[in-house]
Amino acid sequence: MGENTWLYTLSQQLTINKVELTTIANDFRKEMQNGLEGKASSLKMLPTHLGRPTGSERGAFLAVDFGGTNVRVLAAELAGEGQYTIKHQLSVPLTGGAGTPDYTAHTTNADTLFDFLANQIGQLASPSLKYRLGHTFSFPCRQTSVNHSILLHWTKEIATSGVEGQDVGCLLDKALLRQGVTNVKPVVILNDTVGTLITSAYADNATDIGSICGTGHNTCYLEPLPPLGNKPMIINMESGNFDLLPLTRYDLLLDADSQRPGEQRLEKMVSGRYIGELVRLIAQEVINIPILPYGLKSEDISLFLADTTPDLTKIEHLLAEKFNCATTHLNRANLQTLSRLVVHRSARLAAATYVGVLWHLDMKMQHNHTIAIDGSLYEKMPGYAGHLQDALVEVTGSDAAKIHVRLIKDGSGIGAAIAAAIAAKP
Ligand code: GLC
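Anyway, here's the lowdown on the structure attached to this text. Here the structure is a predicted model, which is why all the values come from computation and not from measurement. The residue numbering used here restarts from 1 in each chain and proceeds along that chain's sequence as written. This being a predicted model, a pLDDT of at least 70 is required before a residue's local features are given, and a value of 80 or more before pairs of side-chain atoms are given or counted; all residues contribute to the totals for chains, interfaces and linings. Calculated side-chain values reflect all of the structure's heavy atoms, with hydrogen atoms and water omitted.

Here's the deal with the overall build of the protein chain
Thought 1: Secondary structure elements are defined from DSSP: runs of H or I of at least 4 residues count as helices, runs of E of at least 2 residues count as strands, and each element is numbered from the N terminus. Counting its secondary structure elements, the protein chain contains 14 helices and 13 strands.
Thought 2: Between the two quantities, the radius of gyration covers C-alpha atoms and the globule rule is 2.2 Å times the number of residues to the power 0.38. The C-alpha atoms of the protein chain give 21 Å as radius of gyration, which agrees with the globular expectation for 426 residues (22 Å, within 12%).
Thought 3: Along the longest, intermediate and shortest principal axes, the C-alpha atoms of the protein chain span 70 × 55 × 40 Å.
Thought 4: Relative accessible area decides the class of each residue, using a 1.4 Å probe on protein chains only: under 20% of the type maximum gives buried, over 50% gives exposed, and in between gives partly exposed. By the burial criterion, 56% of the 426 residues in the protein chain qualify as buried.
Thought 5: The contact criterion used is simple: two residues touch if any of their non-hydrogen atoms lie within 4.5 Å. Contacts in the protein chain between residues at least 24 apart in sequence constitute 67% of all its contacts with a sequence separation of at least 6.
Thought 6: Every accessible area reported is derived by Shrake-Rupley at a probe size of 1.4 Å, with residue values counting cover from the shown protein chains alone. Element-wise, carbon and sulfur atoms account for 52% of the exposed surface of the protein chain, whose accessible area totals about 17300 Å².
Thought 7: Distance between charge centroids for the protein chain: 5 Å, based on 36 positive and 42 negative side chains. Asp and Glu are treated as the negative residues and Lys and Arg as the positive ones, with His and the ends of the chain left uncounted. By convention, the point assigned to a charge is CZ for Arg, NZ for Lys, CD for Glu and CG for Asp.

Describing the pattern of salt bridges
Thought 1: Salt bridges are identified by distance alone: a Lys or Arg side-chain nitrogen within 4 Å of an Asp or Glu carboxyl oxygen. Applying the stated criterion across every chain yields a total of 17 salt bridges.
Thought 2: Where Asp27 meets Lys30, a salt bridge forms, and the shortest distance between an N and an O atom there is 4.0 Å. Placement of the pair is Asp27 and Lys30 together in helix H2 (residues 18–36), with a separation of three residues, close to one helical turn.
Thought 3: One salt bridge connects Glu285 with Arg249, and the closest N-O pair in it is separated by 2.7 Å. A residue pair is termed long-range when its members are at least 10 positions apart, and Glu285 in helix H8 (residues 272–286) and Arg249 in helix H6 (residues 249–256) qualify at 36 residues.
Thought 4: For Glu285, a relative accessible area of 41% puts it in the partly exposed group.
Thought 5: Through salt bridges with shared partners, a single ionic network connects Asp111, Asp115 and Arg178.

Looking at the side chain of Ser339
Thought 1: Mapped onto the elements, Ser339 comes out in helix H11 (residues 329–361).
Thought 2: With residues up to four places along the chain from it excluded, the contact list for Ser339 reads Val279, Ile301, Phe304 and Leu305.

Here's the deal with the site of the ligand
Thought 1: Contacts to the ligand come from 15 residues, most closely from Thr155, Asn191, Asp192, Glu238 and Glu267.
Thought 2: Asp192 has a polar side-chain atom sitting 2.5 Å from an oxygen atom of the ligand.
Thought 3: Glu238 has a polar side-chain atom sitting 2.5 Å from an oxygen atom of the ligand.
Thought 4: Protein coverage of the free-state accessible area of the ligand, which is 310 Å², stands at 98%.
Thought 5: Of all the cavities here, the one that holds the ligand is the largest cavity. Any residue with a heavy atom lying within 4 Å of a molecule or strand is counted as near it. Any N or O atom pair separated by 3.5 Å or less is treated as a polar contact, with the protein-specific requirement of one donor-capable and one acceptor-capable atom, and with residues adjacent in sequence counted only for side-chain atom pairs. Within this scheme a cavity is a closed region of a 1 Å grid, computed over the protein atoms alone, that accommodates a 1.4 Å probe without allowing it to escape, whereas a pocket is open but has protein on both sides within 12 Å along at least five of seven lines; lining residues each have an atom within 4 Å of a point. Placement in a cavity or pocket follows one criterion, namely that more than half of the molecule's atoms lie within 2 Å of its grid points.

Topic: the sheet that holds strand E12 (residues 369–374)
Thought 1: The strand order across the open sheet formed by six strands is E1-E11-E10-E9-E12-E13, and the pairing between neighbours is mixed. A single partner strand is all that each edge strand has here, and the edge strands are strand E1 (46–47) and strand E13 (403–407).
Thought 2: DSSP-based pairing: two strands are paired if at least 2 bridges between them are found. By the bridge criterion, five bridges tie E12 to E13 in an arrangement that is parallel. Looking at the pairing, Ala372 lines up with Arg406 of E13.
Thought 3: Convention adopted: a line fitted to C-alpha atoms gives each axis, helices being fitted over their contacting stretch, and angles between N-to-C directions are expressed from 0 to 180 degrees. Strands strand E9 (207–213), E12 and E13 of the sheet are contacted by helix H13 (residues 384–396), whose axis makes an angle of about 165° with E13.

Points about empty space enclosed by the protein
Thought 1: Grid points are joined across faces, edges and corners, and a volume is the space filled by probe spheres set on the points. Throughout the structure, instances matching the rule amount to four cavities of 30 Å³ or more.
Thought 2: Of the voids in this model, the largest cavity is the one considered here, and its volume is about 100 Å³.
Thought 3: Taken together, 13 residues line the largest cavity, and the ones lying closest to its centre are Ser138, Lys156, His217, Asn218 and Glu267.
Thought 4: The nonpolar class holds Ala, Val, Leu, Ile, Met, Phe, Trp, Tyr, Cys and Pro. Asp, Glu, Lys and Arg form the charged class, and all remaining residues, Gly among them, are polar. A breakdown of the residues in the lining of the largest cavity according to their chemical character gives two nonpolar, seven polar and four charged.
Thought 5: What lines the second largest cavity is a set of 13 residues, among which Cys141, Gln143, Ser149, Asn191 and Asn236 lie closest to the centre.
Thought 6: For the lining of the second largest cavity, the elements supplying multiple residues, two or more each, are E1, strand E6 (141–145) and strand E8 (184–190).
Thought 7: Residues that form the lining of the second largest cavity fall into these classes: eight nonpolar, five polar and no charged.

Focus: H11
Thought 1: Here the expected length of a helix is defined as 1.5 Å per residue gap, with one fewer gap than residues. Here H11 contains 33 residues, and its C-alpha end-to-end distance of 48 Å stays within 8% of the 48 Å for a straight helix at 1.5 Å per residue.
Thought 2: Most of H11 is tucked away: 26 of the 33 residues are buried.

With respect to H6
Since the α-helix turns once every 3.6 residues, residues separated by three or four places project in the same direction.
Thought 1: For H6, every residue scored as buried is listed here: Tyr250, Asp251, Leu254 and Asp255. All buried residues of H6 fall inside an arc of 135° around its axis, so they share one side. Directions are taken from the helix axis to each C-beta atom, and the arc is the one they span.

Thoughts on the packing of aromatic side chains
Thought 1: Two aromatic rings from Phe, Tyr or Trp, using only the six-membered ring of Trp, form a pair when their centres are within 6.5 Å; if the ring planes differ by under 30 degrees the pair is stacked, by over 60 it is edge-to-face, and anything between is tilted. Applying the stated criterion across every chain, the model contains 10 aromatic pairs.
Thought 2: Here Phe66 and Phe139 contribute two aromatic rings whose centre-to-centre distance is 5.7 Å and whose plane-to-plane angle is 45°, an arrangement assigned as tilted. Taken together, the residues span a long stretch of sequence, with Phe66 in strand E2 (residues 58–66) and Phe139 in the loop between strand E5 (131–137) and E6 at a distance of 73 residues.
Thought 3: In this structure Phe66 comes out as buried when scored by relative accessible area, which is 0%.
Thought 4: Arranged with centres 5.9 Å apart and planes meeting at 45°, the rings of Phe137 and Trp154 form a pair that is tilted.

Okay, structure coming up:
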């Protein structure tokens, strides 16, 4: 196929136009409604038993944040009026440490993983003090109370054995005991999207949507009329599983080789865990680059997009050093173009789902809404935040003036500390 034909066809397949954006937003809104009414839906609409913070939560709290890439532990001091400081923190990768197990592989069991988490918590906690802890666990969970949550199934290709179907609150409690960390009491479990919403809402009470555009992709929002209870409650939609989407051949290929074929369709088109692989799958058809499955990471895609050198030398060096692969200028230019298409599509799809939530909450867009977003893709991928904003404006027109998108760095960790303060309130 000629260069132009190939690029033209690809860009047709990967471009989500305004009509499609609007259709996706509408379908997303309907799926939310179906999920809330207990009808079949690709959105799980999971209750969190948490509402919005008041902003006056105060005190010292610990947080542990487990999302599949690193485990982070932090000690935060909440000062009220939306103010907080992180006093100490540590972050350790879950895979790839020399001589340590891959905590995300099926060869690791639940106790080994949770002992590791408990151990990290023990390292940050001073033995002479007592702490309450918020536990961010960023996977689909059926939350039975504020501190009990059952993992429905893993996502993001995590496979640690013996955790699915278990109460992750109990797993952590037992591990803390085994590790002798008896001065730390977990009081709340939450999803990272919920932590992000709560962190933003701590200072800005127009926040009603929290989302992650990072390794994974998911969104939660504050439901004014939740099926459970009579107070507004944050609902974790697990929107990465949304599936009314225009799929390409490459999406189907990626899905077929994933751990959970047919599931997490949106996440597989949007998130950092998968976009490198999408680029690789497309590239291997048209450019002869010998890269193994999942060899391209979203950091590589960031570098591809950021390379403004005339000869694309940054891309050339990365491919030579990491994959021992020699490329022509045309190869590199094509790689950059198709990376741009994949990233552009990711940002636009995420934006369309946010519009779906906004239409569910406020069809006439009479109020201000803050969308809080955390995650490496939104924060670091060149052009991402701009594409997302453009798509919001494209679909909502002048209503976009009411929509404020904020980057909430570390929201998933700090949000756990704030949630612990909410849960610990008498
Ligand atoms: C995956 C998880 C979800 C999480 C998201 C971002 O989609 O299923 O719970 O919020 O990744 O980390």
